[in-house]
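Chain residues, written in single-letter form:
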Amino acid sequence: MSRSASDSDLDEPLGRSRAPFRRLRERWHARHLDEETWDDLEETLLLADVGMPTTTRLLDALRDRARHAGIRDADDLAPLLEAEITDELAEQPDRVLHTNPGQASVWLLVGVNGVGKTTTAAKLADAHQKRGERVLLVAADTFRAAAADQLESWGDRIGVAVLRGQEGGDPASVVFDALQAAGARGVDLVLVDTAGRMHTKRNLMEELKKIRRVVERFPEALTEVLLVLDATTGQNGLVQAREFTDAVGVTGVALTKLDGTAKGGIVLAVEAELGVPVKLIGVGESAADLVAFDPAAFAAALVG
Ligand code: GDP
């Protein structure tokens, strides 16, 4: 992406999530490792929205590590915690954003309104165009003119072409037209920003499935379905996320707004509970604020 995820890059955006772990480490200083240490850690992980099942598994594994390492001081637990979080995240092996070189690859961005789909599509467009790729943005929300307007204004700002359909038109046919245009124009990457209205949930899922089927008429074109999730909604976001993973076969998560929340632990819950890798994290509102997710850098920024 626009930035590589070195630890120091993430320290500041993850500041709010990091603070409780900082305080924890201050409390651990010069203390023996005892049950209170474990209780404190459990509370902090739950506050960070890691969620009960993942917290329990993490703590069990960490107790084993601490026992094997013969740890007696609470201070010495910190590096083990960082390693455990990194290992937990390493269970998702594939964080690559896939493309099929030599043809137009399509990435669908799905998720409920307000999570940051349009912004993330624009950030991706900017990053890939800067690498020399030909990029096309597609506004597939024909329901809300404001959504397409917003994508167009991003397109103007970053200098990427935007295709939109008629208001109230069939989103799947907008996508079909866009893919034909992409083929004709020698586009490398097509980023499709979809609708996210939740009050007519069933229709939305049917609409997304239809878009998916249309893309699949172009062999090998669809290489990513990215579920955009807002980190500030924490555990609540996971319920909605499941509806998308069930309906459209998600290949990766873009977790936005990690800069504005203390719920950074949600990364762990997303992967454990949805079984889908977090591939991208959003750490701000500008085009450059999108980072390829790296487990070790994340663990270091959160608890290191
Ligand atoms: P959509 O309805 O899913 O397309 O969401 P938008 O892309 O319109 O984003 C909704 C709001 O979230 C906008 O104000 C964005 O600037 C903001 N936003 C998106 N991503 C991030 C992020 O990573 N960090 C922060 N702080 N704000 C973000």
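One can find the structure itself at the top, above this paragraph.
Cut-offs used in this document
- The numbers attached to residues start from 1 for each chain and follow its sequence in the written order.
- Residue-level local features of this predicted model are given only where pLDDT is at least 70; pairs of side-chain atoms are given and counted only at 80 or more, and the full residue set underlies all totals for whole chains, interfaces and linings.
- Based on all heavy atoms of the structure, the side-chain values leave hydrogens and waters out of the count.
- Near is defined per residue: the residue qualifies when any heavy atom it owns lies within 4 Å of the molecule or strand.
- As used in this structure description, the phrase polar contact means that two N or O atoms lie within 3.5 Å; if the pair is within protein, one of them must be able to donate a hydrogen and the other to accept it, and residues adjacent in sequence are counted only when both atoms belong to side chains.
- Residue exposure ignores everything except the shown protein chains as possible cover, and the areas themselves are Shrake-Rupley values with a 1.4 Å probe.
- To qualify as a helix, a DSSP run of H or I must reach at least 4 residues; to qualify as a strand, a run of E must reach at least 2; elements of each kind are numbered from the N terminus.
- Three categories are distinguished: nonpolar for Ala, Val, Leu, Ile, Met, Phe, Trp, Tyr, Cys and Pro, charged for Asp, Glu, Lys and Arg, and polar for the others, with Gly belonging to the last.
- Here a strand pair is declared whenever DSSP counts at least two bridges between the two strands.
- A fitted line through C-alpha atoms serves as each axis, taken over the contacting stretch for helices, and the angle formed by two N-to-C directions is quoted from 0 to 180°.
- Every residue pair with non-hydrogen atoms within 4.5 Å of one another is taken to be in contact.

With that out of the way, let us pick up the site of the ligand. Near the ligand there are 17 residues, and of these Gly 114, Thr 118, Thr 119, Asp 259 and Glu 285 occur at the shortest range. Contact distances for the ligand include 3.3 Å between an oxygen atom and a backbone N or O atom of Val 115. In the model, an oxygen atom of the ligand is placed 3.4 Å from a nitrogen or oxygen of the Val 283 main chain. Expressed as a share of its isolated accessible area of 580 Å², the protein-covered part of the ligand is 80%. Ranked by residue count, the leading element in the shell around the ligand is helix H6 (residues 117-130), at four residues. Of the residues assigned to the shell around the ligand, the class counts are three nonpolar, nine polar and five charged.

Right, let's talk about the sheet that holds strand S7 (residues 278-282) for a bit. Reading across the sheet, the eight strands line up as S3-S2-S4-S1-S5-S6-S7-S8 and stay open at both edges, with mixed pairing between neighbours. Only two strands of the sheet have a single partner each, and these edge strands are strand S3 (161-164) and strand S8 (290-292). Going across the sheet, the axis of each strand differs from the next one's by a mean of 25°, ignoring polarity. Relative to strand S6 (residues 252-256), strand S5 (residues 222-230) runs parallel, the two being bridged by five bridges. Looking across to S6, one finds that Val 228 is bridged to Ala 254. Strand contacts of H6: strand S1 (105-110), strand S2 (135-139), strand S4 (189-193), S5, S6, S7 and S8, with the helix running at about 155° to S1, the strand carrying the most contacts. Sheet strands in contact with helix H8 (residues 171-185) are S1, S2, S3 and S4, and its direction is about 165° off that of S2.

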